[in-house]
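Working through the structure, step by step
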Amino acid sequence: MTREYAPPASGTGAPLSGSVLAEAAVVFAVVLSIHAAVWDRYSWCAVALAVQAFYVQYKWDRLLQQGSAVFQFRMSANSGLLPASMVMPLLGLVMKERCQSVGNTYFERFGIVVAATGMAVALFSSVLALGITRPVPTNTCVISGLAGGVIIYIMKHSLSVGEVIEVLEVLLIFVYLNMILLYLLPRCFTPGEALLVLGGISFMLNQLIKRSLTVVESQGDPVDFFLLVVVVGMVLMGIFFSTLFVFMDSGTWASSVFFHLMTCVLGLGVVLPWLHRLIRKNPLLWLLQFLFQTETRIYLLVYWSLLATLACLVVFYQNAKRSSSESKKHQAPTIARKYFHFIVVATYIPGILFDRTLLYVAATICLAVFIFLEYVRYFRIKPLGHTLRSLLSLFLDERDSGPLILTHIYLLLGMSLPIWLVPRPCTQKGSLGGARALVPYAGVLAVGVGDTAASIFGSTMGEIHWPGTKKTFEGTVTSIFAQIISVALILIFDSGVDLNYSYAWILGSISIVSLLEAYTTQIDNLLLPLYLLILLMA
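What you see is a predicted model, and the numbers here were worked out from it, not measured in a lab. (Residues numbered from 1 in each chain as written. Predicted model: local features only at pLDDT ≥ 70, side-chain atom pairs only at ≥ 80, totals over all residues. Heavy atoms only, no water.)

1. Side note on the overall build of the chain
What the chain contains, in helices and strands, is 20 helices and 0 strands. Against the globule reference of 24 Å for 538 residues, the chain gives a C-alpha radius of gyration of 23 Å, in line with a compact fold. Relative to its full complement of 538 residues, the chain shows a buried share of 57%. Of the contacts formed within the chain by residues at least 6 apart in sequence, a portion of 80% connects residues at least 24 apart. Approximately 23,200 Å² of the chain is accessible, and the part contributed by carbon and sulfur atoms is 69%. Taking the 34 positively charged and 28 negatively charged side chains of the chain as two groups, their mean positions are separated by 5 Å. (Helix = DSSP H or I, 4+ residues; strand = E, 2+ residues; numbered from the N terminus. Rg over C-alpha atoms; globule rule 2.2 N^0.38 Å. Buried < 20%, exposed > 50% of the residue type's maximum accessible area, 1.4 Å probe, protein only. Contact = heavy atoms within 4.5 Å. Areas by Shrake-Rupley, 256 points an atom, 1.4 Å probe, with all protein chains shown as cover. Lys, Arg positive; Asp, Glu negative; His and termini not counted. Charge placed at Lys NZ, Arg CZ, Asp CG, Glu CD.)

Below, the structure written as structure tokens:
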């Protein structure tokens, strides 16, 4: 964890934190790499956004230090505005470029909308920070205003009226979700994490509403609709129960029975009919037919069930060790927490190799289960609520400072996002050559292999620390080598991967993301796979 720093007050010449400057340098390296690869008016917008986010980030950091932020944010990290602000715009740019190269106009425009939406929510977060900063930071306001003016001017002349309305709809949803979720969930996010997570949820909610209103027979893939409905349904369920349990005690048997009944009502009465409208099929029958369609899928489901059982046994074993130890405050060591990284790598590799569509759906179901169990734990729903609180408290770290435990959900998201985010029509066989062939493996490489190797070797053998952090040089180097070895193994076992001599770009991408892991204080399980995905797609 990077130590906190005191950002300079407006008008002072106080030195800036070296670790934050290093993180910013890594992010700018990614931005300039994408700019060089794309080189159009949208990539210039991304550069302008990065410059203004760099300056505004220090205003957010000062607000956090002074306790002047509107909401309660996670305090064990800096604001993280710069790295978070660039994810959606860069993802949209590389998506646009990839789909343009294969002639898919629909997803090319979709990528532009993603980039524009990311820039809009990032600018809103900047305006929020500048608006509540006292005294008013004149220089930063000028820089942010110039960058925002350039972005708005270019987007105004690049987007259709319908696309502009779509961006504004997402921005409106983002504003309301910020007010609701940051109030209900204090200290769960940094400003950057809130921007990234709530921005993504807002975009998905708007896409679901848009597709529900314009649904046509046989239009769209049921798998995509399944992800949208599940994610939005679980978020809305959480908001509903959070509001409800403000007025009643959630820990009683009566409240628990009501929780389970309302979950069934919302699932059977809202989520399933919504999904039925989109896919024009019975959702439960479609899901069963999909899961057991081939013999390979049955084998994968059995294998994944065994791994899930193994993960549960690890949790029980570590808790048994805590019960037998003298100190009841015993926390699981780093290596024990990384067992789950090994398990998810063993889960995702066969899915990517043999049936990515099944992995797509299975990860969606797993995400719904994780979120539901977190609701049960958070609201102390009987009979499992208190048991889950006891079992999972062993694996808490400094990032779980709020009422929710999110690190395991972030781990699942980090592994799944490279599978979920890339439009399949733009990644048909033969269209993903070179480094792009590794895109589905971005989560496995960045989190499952790289972050795990850096954490284990850095904590056990590391001696040379990166300036301003507790991360070590040895851990970072080990992370890079482990990912290179993993790429070599992927080449051996996945015949569909052809790197076409793009080894230098792959090595550079892995090295940049490993440096980001060393310096960032944001949730690395979420941030690292997204940046590696962006670089590999470029």
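2. Observations regarding unusual backbone geometry
Each neighbour pair has its own omega, and for Lys382 with Pro383 the value is 5 degrees, a cis peptide bond. Relative to the helices and strands, Pro383 is located in the loop between helix 14 (356-378) and helix 15 (385-392). In the Ramachandran plot, Trp39 falls in the positive-phi region, its phi being about 50 degrees despite a non-glycine side chain. Inspection of the secondary structure puts Trp39 in the loop between helix 1 (18-38) and helix 2 (41-66). Given a relative accessible area of 54%, Trp39 falls into the exposed group.

3. Overview of the packing of helix 1 against helix 19 (residues 503-519)
Running from N to C, helix 1 and helix 19 point in directions that differ by 155 degrees, and their axes come no closer than 9 Å. With respect to helix 19, the axis of helix 1 lies roughly antiparallel. The chirality of how helix 1 crosses helix 19 is left-handed. Residues Ser19, Ala22, Glu23, Val26, Val27, Val30 and Ser33 of helix 1 form the contact with helix 19, whose own contacting residues are Trp505, Ile512, Leu515, Leu516 and Tyr519. Classifying every residue of the contact of helix 1 with helix 19 by side-chain character gives 9 nonpolar, 2 polar and 1 charged. (Axes fitted to C-alpha atoms, helices over the stretch in contact; angles between N-to-C directions. Parallel < 35°, antiparallel > 145°, perpendicular 65-115°, else oblique. Left-handed = near helix turned anticlockwise from the far one by under 90°. Nonpolar A, V, L, I, M, F, W, Y, C, P; charged D, E, K, R; others polar.)

4. Quick word on a nonpolar patch on the surface
Together, Leu285, Leu288, Phe292, Ile298, Val302 and Leu306 make up a nonpolar patch on the protein surface, roughly 580 Å² of accessible area in all. Elements that contribute at least two residues to the nonpolar patch include exactly helix 11 (283-291) and helix 12 (295-324). Counting residues per element, the nonpolar patch draws most heavily on helix 12, at 3 residues. (Patch = residues over 30% accessible without salt bridge, like charges linked within 9 Å, V, L, I, M, F, W, Y side chains within 5 Å. Salt bridge = Lys/Arg side-chain N within 4 Å of Asp/Glu carboxyl O.)

5. Focus on the nonpolar core
Membership of the largest hydrophobic core comes to 171 residues, with the highest contact counts inside it found for Ile34, Met86, Leu90, Phe189, Leu438 and Tyr531. Sequence-distant contacts of Phe189, that is, excluding residues within four places in its chain, are made with Phe73, Arg74, Leu182, Ala194, Val197, Leu406 and Tyr410. (Core = buried A, V, L, I, M, F, W, Y, C linked by side-chain atoms within 4.5 Å.)

6. A look at the environment of Cys366
Positionally, Cys366 belongs in helix 14. Here the alpha-carbon distance between Cys366 and Ile409, two residues 43 residues apart in the chain, equals 9.4 Å.

7. Some thoughts on the packing of helix 14 against helix 16 (residues 407-421)
With their axes 10 Å apart at the nearest point, helix 14 and helix 16 run at an angle of 155 degrees to one another. Judged on the interaxial angle alone, helix 16 and helix 14 are roughly antiparallel. Pair helix 14 / helix 16 crosses with left-handed handedness. Note on element contacts: helix 16 touches helix 14 through His408, Ile409, Leu412, Leu413, Ser416, Ile419 and Trp420, opposite Arg356, Leu359, Tyr360, Ala363, Thr364, Cys366, Leu367, Phe370, Ile371 and Glu374. Looking at the contact of helix 14 with helix 16, its residues break down into 12 nonpolar, 3 polar and 2 charged.

8. Things to note about the environment of Leu507
On the secondary structure map, Leu507 appears in helix 19. Residue Leu507 is classed as partly exposed on the basis of its relative accessible area, which comes to 39%. Sequence separation of Leu507 and Phe481 is 26 residues, and the distance between their C-alpha atoms is 9.6 Å.

9. Regarding the pattern of salt bridges
Scanning the entire structure with this criterion turns up 10 salt bridges. Arg380 is the partner of Asp249 in a salt bridge, and the nearest nitrogen-oxygen pair spans 3.4 Å. In this pair, Asp249 is assigned in the loop between helix 9 (222-244) and helix 10 (253-279) and Arg380 in the loop between helix 14 and helix 15, connecting sequence segments 131 residues apart. When its relative accessible area of 44% is taken as the criterion, Asp249 is described as partly exposed. Overall, Arg380 belongs to the partly exposed group, its relative accessible area being 28%. Via salt bridges that share partners, Asp40, Lys96 and Glu97 belong to a single interconnected network.

10. A short note on the packing of aromatic side chains
Taken as a whole and judged by the stated rule, the model has 20 aromatic pairs. Pairing Phe28 with Phe54 gives two aromatic rings, centres 6.0 Å apart and planes at 70 degrees, and the pair type is edge-to-face. Of this pair, Phe28 sits in helix 1 while Phe54 is found in helix 2, placing the two residues 26 residues apart along the sequence. Given the relative accessible area of 17%, Phe54 is considered buried. Taken together, the aromatic side chains of Phe240, Phe241, Phe245, Phe259, Phe372, Tyr375, Tyr378 and Phe379 make up a single cluster linked through ring pairs. The ring of Phe290 carries the charged tip of Arg297 above its face, separated from the ring centre by 4.1 Å. (Phe/Tyr/Trp six-rings, centres within 6.5 Å; stacked < 30°, edge-to-face > 60°. Lys NZ or Arg CZ within 6 Å of the ring centre and 35° of its normal.)

11. Details of the confidence of the model for the chain
Of all residues in the chain, 93% have pLDDT values of 70 or greater, and the mean over the chain is 86. Under a pLDDT of 50 for its full length, residues 1-15 has, in the predicted model, 33 contacts with residues more than four places off or in other chains. (pLDDT = per-residue confidence, 0-100.)

12. Topic: the side chain of Thr476
Tracing the sequence through the fold places Thr476 in helix 18 (residues 473-493). Thr476 gets classed as buried once you look at its relative accessible area, which sits at 3%. Residues contacting Thr476, with those up to four places away along its chain left out, are Trp466, Ser514, Leu515 and Ala518.

13. As for the environment of Val235
Position of Val235 among the secondary structure elements: in helix 9. Remark: the alpha-carbon pair of Val235 and Ile201, spanning 34 residues in sequence, is separated by 8.4 Å. Among residues more than four places away in sequence, those in contact with Val235 are Ile201 and Tyr375.

14. A word on the side chain of Asn319
Positionally, Asn319 belongs in helix 12. From its side chain, Asn319 meets the backbone oxygen of Val315 in a polar contact 2.8 Å long. In this view, Asn319 contacts Ser390, Leu391, Leu394 and Phe395; residues no more than four positions away in its chain are not counted. (Polar contact = N/O pair within 3.5 Å; in protein donor to acceptor, adjacent residues only side chain to side chain.)

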